[in-house]
Amino acid sequence: MQSETDGTSSGPRRRVKLSDVARAVNVSDSTASRALSDDPRISRATRLAVKAAAAELDYVPNAAARSLRKRHTLTLGLLIPDLRDPVHGQIASGFEEEAGRNGFSVIMVAGDSQPARERVALKVFAEHGADAVAIVSSAISPREARERVDPARLVLVQPDHRTLPRRPGVAVPGVILTDDAGGVRAAIAYLVDCGYRRIAYVEGPAGATNTLRAEAVAATLHERGVAGRLKTFPATGETWRAPAALAATIAADLPEALVCYDDKLALALMDALRDAGIRVPDDVAIVGFDGIPFTAISNPRLTTVATPAGDMGRQAAASLIRAIREGAPPDGLVVSPELIVRESTRQMAGTPDGSGSADERRIDAPSARR
């Protein structure tokens, strides 16, 4: 193998540098760089000569150096709690798909819902020169996130924090979230229309989202004339891993229907209740939230409030890329979920069946925009 330097010795081929091209045409490095970028300040003859020398020497621009000169790296940072979680995985997949379509790479870090790890992740993004950052369901507050990342290059996806206003129809700049209250309203309205009255809420991890969903259940029941205080069953973000104790508590005071914080909890409870001799939906109906793929293949298949997680990831990446290219702050977006009716709920005896079919049905949630 010939070397590039003497034409005879063997060894790895030395990378051709910009200085080599400049030397071949007898111009400065800065002039060669401008010529390759078609800078009009450089004469046409010099530009042609530099390009010809670059082609002859097989010069390939250094992407890292070029990124530093242009002050962007075509890289986006994505901080998520857990890649193993189906919802977060769908968001990440959509985000990476949109980024790649626009020529951007993604640095992805899982923060495990721990503030210290999230802060380290944001430092990693900064050290690698990420042009913009998306944070999904962060443990740190939106205020701290905006202190650590330029707000003009930051998108918060599904933030679960009490300081963030979540008013119907109001999209906060740089924030992408679902209209959880609208989705819950659709689920409760459907259950009431099916004849259910003793409806309970199974909580999730403590946070603004859990509070909002519980309040939406109670408010909708009140609006639909269902008297009495809402029955709630305490749970955490990890209860789905070992749901037997919760299932026993529910079985001892069984309502007609359960609305669960999320699908993982709903699916786990459905199995645990079956082990306790409780049939779904004959003895109790169950509704989940998120619309993860497993809900369509469970037995029985789960009725759920589905959120477009993949699309939210794509929207987050697209918003950041627009911010980078146009210099405008990232957009805010409120996404409407969809109620998917399946076999874990049924029409109660003595009520008219308006389904018209035993197959899966989809019901749009009431619009968040007034």
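Data block above holds the structure.
Now for a description of the structure that goes with this document.

Basis of the calculations
- Residues numbered from 1 in each chain as written.
- Predicted model: local features only at pLDDT ≥ 70, side-chain atom pairs only at ≥ 80, totals over all residues.
- Heavy atoms only, no water.
- Pairing = 2+ DSSP bridges.
- Helix = DSSP H or I, 4+ residues; strand = E, 2+ residues; numbered from the N terminus.
- Axes fitted to C-alpha atoms, helices over the stretch in contact; angles between N-to-C directions.
- Parallel < 35°, antiparallel > 145°, perpendicular 65-115°, else oblique.
- Left-handed = near helix turned anticlockwise from the far one by under 90°.
- Contact = heavy atoms within 4.5 Å.
- Nonpolar A, V, L, I, M, F, W, Y, C, P; charged D, E, K, R; others polar.
- Buried < 20%, exposed > 50% of the residue type's maximum accessible area, 1.4 Å probe, protein only.
- Right-handed = clockwise from strand over helix to strand, strands pointing away.

With respect to the sheet that holds strand β5 (residues 175–178)
Point 1. On the basis of which strands lie adjacent, the open sheet formed by 6 strands has the order β2-β1-β3-β4-β5-β11 and parallel pairing. Two strands in the sheet have a free side with no partner beyond their single neighbour: β2 (105–110) and β11 (333–335). Within the sheet, the average angular offset between the axes of one strand and its neighbour, ignoring direction, is 15 degrees.
Point 2. Two elements, strand β1 (residues 75–80) and strand β3 (residues 132–136), share 4 bridges in a ladder whose sense is parallel. Paired with G77 across the two strands is V133, which belongs to β3.

A closer look at the packing of helix α5 (residues 86–101) against helix α12 (residues 309–326)
Point 1. Here α5 crosses α12 at 40 degrees, and the two axes come no closer than 6 Å. Considering their axes alone, α5 and α12 lie oblique with respect to each other. Of the two possible hands of crossing, α5 and α12 adopt the one that is right-handed. Contacts from V87, Q90, I91, G94, F95, E97, E98 and A99 of α5 reach α12 at A309, G310, G313, R314, A316, A317, A318, L320 and I321.
Point 2. Of the residues belonging to the contact of α5 with α12, the class tally is 10 nonpolar, 4 polar and 3 charged.

So, the pairing of strand β9 (residues 285–290)
Point 1. Where burial is concerned, most of β9 is hidden: 6 out of the 6 residues are buried.
Point 2. The alternating pattern of β9 places A285, V287 and F289 on one face and I286, G288 and D290 on the opposite face, and all of these are buried.
Point 3. Bridge count between strand β8 (residues 257–260) and β9: 3 bridges; the pairing is parallel. Its bridge partner being in β9, L258 is matched across the sheet by I286.
Point 4. Note on the crossover from β8 through helix α11 (residues 263–275) to β9: the handedness is right-handed.
Point 5. Pairing geometry for β9 and strand β10 (residues 303–306), over 4 bridges, is parallel. Bridging from a neighbouring strand, D290 pairs with A306 of β10.

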